[in-house]
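# Examination of the molecular architecture
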Amino acid sequence: MRNGKFSSALWLVLVALLVLSFGPSSGAGPARGTKIVVGIDTDPPSLDAHSNTNLASDIMFAHLYDRLVMFDMRSNIVPQLATEWSVSSNGLTWTFKLRRGHKFHDGTPVNAAAVKASFERLFDPRNPFSRRTIFEMIKRIDAVDENTVAFTTDKPFGAMLNNMANPTASIVSPTAAAKQDVSTFGRFPVGSGPFFFREWLRGTRIVLQKNPAHWLASQTNVTEIEFRPIPDDAARAIGLETGELDFVTTIAPQEAKRLTNNPNMVVYNLPRSRIQGLYPNVTKKPWSDVRVRQAMAHAIDNKAIVDTFLSGFARVADSPLAPGVFPYKPQAVRYNYDPERAKRLLAEAGYPNGFSSSMWVPVGTYAAAQQISEAVAEMLKKVGINLKLEVMESAQWLVLLRSKPQAESTLEMTYYGWGTQTGEADYALRLVFHSDNFAPKCCNRNYYSNKELDGLLDKALGTTNVAERRAAYERAQEILWRDLPWIWIFTVNHSAVGNKALTGVNLLPVELIHFRDANISR
Amino acid sequence: MLAFLMRRTVEGLLTIVGLSLLVFFSLHLAPGDPAALIAGDQAREEELVVIRQRYGLNDSLPVQYVNWVLRVARGDFGYSHWGERPVGPDLARAFPISMGLAFGGLIVAVLLGIPAGVIAAVRRDGLLDLSIMGMAVAGMSMPVFWVALLMLLLFSLRLGWLPSSGWGTFSHYILPIFSVSLASLALLARMTRSLMVELLLEDFVRTARAKGLASRAVFYKHALRNALPSLVTVIGLRLGLLVGGAVITETVFAVPGLGRMIVQAVNQRDFPIVQGGVLLIALAVIAINFAVDLLYLVLDPRIRYA
């Protein structure tokens, strides 16, 4: 054998590598006891609840911090730090009674002064906290006594309680916040929640550890949560199957559907307060004609989109509000898939032969945006609407979309979505449809204007009477559903998967996932 | 030699300055507003103003560039816009990981690719040659993300030998290194084979055989020795590609390396991370090319750098 030595050298290397690969591995199902590992898609930007956030960080905030009040599974407001609350008869002052004897993770007492300090930090104009705008109605905060804190607004503020349940309203330790500047606090957060911060290795893991002193401590046997960022959907699914991951907070619907066949997995397909659709510039022809917008609604087969591209992890929109947003009311009028009717409506509007337009499609912001947009364009083509798709990176899209006064706007139409993490109609409707909120001020970026709607939205925000608010918002939903300033297609569902050994995970409509009541049995 | 060293240093510096200008301006001139990305689509204009102020995004581009260069010269890579963290420590953690993948991948490619190529050349047109070259073609043609997923399915899910995610132990390196090395391994095997096949027909090989040297000595001392300079060139070039090109591997295996970090930062228009990361990769590639040039001296005594 002339090359005998070469061959044996090659085999030696191969064998050595194989042996190495048998070496110590934290592979399948290590004994983790009561520690759980949760797969997330990407690292959060920061763990500072006041700072900029994404879905992953909002999930962590409910564990690191407490808020005065919290959402339950139906977006009702339930006590948390505050055990009771009331509003003055003029509707201007909200008073919260705090739980006694609770402490932040650094030992600082959670009292009225701490709550006040936390909100003052949120409002400090030097800090880059963009989500504080939901509290702009608050004009004064008073620590009435050790355990009573009062918020005063200049006008009655109907959305107060829901906004207080939003992650932005998390109470941070005043001691830690005073010691650290904004940039360090986001990496070494100190709250008073049922878990405290232990470690963050960027791109690798965030570890939270149980706070035994928390009043919710007895609800869960989980002693440690490791959040592990894994960008690839298929890799997250494999991690669940190998047992390395106990839960995955978000996964491509196709992967989630595949895992429904796995007897060890629980697939969570539950409503979320996020709505998706087509967003036309209603001041430009032909979108300015409501019949054109209604024609589009009839020309799009919403059910097919939900089933095909989202594998059923969504539901066909039946109101401008998603379920889980107060006071969601399914609309009696349905825009059924009916291309013939769409053609008739277009003809009535003066477009018997259809027309051409364009649509922006951001990639990387919404699930399957490009595939869905392509399907929509095909459906619209059948009724004579030729839609040119302008597929672009999210960063570029965001610049085009926002901050343009009407005269400068280049928007024809865009694929678009809106999430409502306050679980309440003010955030879902006023920011987007009130004519006071035209871009660049805020988020009415298709310049829809309806005085009756404006009045209803103002009225609902300006009262703390629940029945009055409900009536105003129900009427607002009817108006919007008839006017279709947004052609709503579907509301997004949670698509999360967990090992069946992990129970008690709560997936809230307000886009949150709580492990605070979770129990693991291995 | 000294003149050569000085010339390479100056060239290297010029490359880095040019590259940093290119990266800086292409990033800043690309559509996209970091403040809008940080605050999200639901934020108001006034909040964006606060963010732009905070990160000096209102300054003119030349001013921003000079500020960045001055900071980096002091070893300060600045603060990430996305999440308020100092960039330096994150880069310092991610860079060695990516380098580890690149060098690990290269070592695997060299250790397996070159012997495989030699065997194929020696057994030219035999079954072993055909099967090795067949695998090499497959290795070069299969997309990395697909191979990576197949490896996860096999080694993590079916066999349970290796972890599919997480980071920190040696076992976490194995799958990413093999996935990174595959294309280079295949290329090296093919290169080695064709170089050897040519060299084995050369006069000096015949002479070596004629003077009665053992086949092994002919292959090692004469043929392979003469193939080395060309192989080293390829290896050097591959290493440059490996350092910058592990993005897909790092994404599939959730490796906290520089490639994944930079791609994410580009999407978020997180300028300090992209600029710092690209700078580090550029430095590494320049250093590698320099080392390759020096290696030539050792491998081919005929080469002199005047």
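The model shown is predicted, which means the values in this text are computed figures rather than measured ones.

## Observations regarding the interface of chain A and chain B
Residue-level contacts link 56 residues of chain A with 57 residues of chain B. Those elements giving two or more residues to the side of chain A that touches chain B turn out to be helix H1 (4-22), helix H6 (182-185), strand S10 (224-229), helix H7 (233-242) and helix H13 (394-401) of chain A. In terms of residue count, the dominant contributor to the side of chain A that touches chain B is H1(A) (eight residues). Looking at the side of chain A that touches chain B residue by residue, the classes come out as 25 nonpolar, 21 polar and ten charged.

## Digging into the sheet that holds strand S7 (residues 148-153) of chain A
Note: strands within a sheet are paired through backbone hydrogen bonds, in either parallel or antiparallel orientation. Residues and elements named next belong to chain A. With antiparallel pairing, the four strands of this open sheet are ordered in space as S4-S5-S7-S6. What marks the edges here is a single partner per strand, and that holds for strand S4 (82-87) and strand S6 (138-145). Neighbour-to-neighbour, the strand axes of the sheet open up by a mean angle of 20°, direction not taken into account. Summarising the sheet, strand S5 (residues 93-98) and S7 pair through five bridges and their orientation is antiparallel. Bridge assignment links Thr-93 to a residue of S7, and that residue is Thr-152.

## Brief notes about the confidence of the model for chain B
Per-residue pLDDT for chain B averages 86, and the proportion of residues at 70 or more is 99%. Reported for the predicted complex are a pTM of 0.89 and an ipTM of 0.86.

## Comments concerning the packing of helix H5 (residues 87-122) of chain B against helix H13 (residues 271-299) of chain B
Residues and elements named next belong to chain B. Where H5 contacts H13, the two axes come as close as 10 Å, and the packing angle between them is 40°. If you check the angle between H5 and H13, you find them oblique. Considering the relative orientation of H5 and H13, their crossing is right-handed. Between H5, through Val-87, Leu-91, Phe-95 and Met-99, and H13, the contact on the second element is made entirely by Pro-272, Ile-273, Gly-276, Gly-277, Leu-280 and Ala-284. Tallied by class, the residues present in the contact of H5 with H13 amount to eight nonpolar, two polar and no charged.

Rules and cut-offs
- Residues numbered from 1 in each chain as written.
- Chains lettered and ligands numbered in written order.
- Predicted model: local features only at pLDDT ≥ 70, side-chain atom pairs only at ≥ 80, totals over all residues.
- Contact = placed C-beta atoms within 7 Å.
- Helix = DSSP H or I, 4+ residues; strand = E, 2+ residues; numbered from the N terminus.
- Nonpolar A, V, L, I, M, F, W, Y, C, P; charged D, E, K, R; others polar.
- Pairing = 2+ DSSP bridges.
- Axes fitted to C-alpha atoms, helices over the stretch in contact; angles between N-to-C directions.
- pLDDT = per-residue confidence, 0-100.
- Parallel < 35°, antiparallel > 145°, perpendicular 65-115°, else oblique.
- Left-handed = near helix turned anticlockwise from the far one by under 90°.

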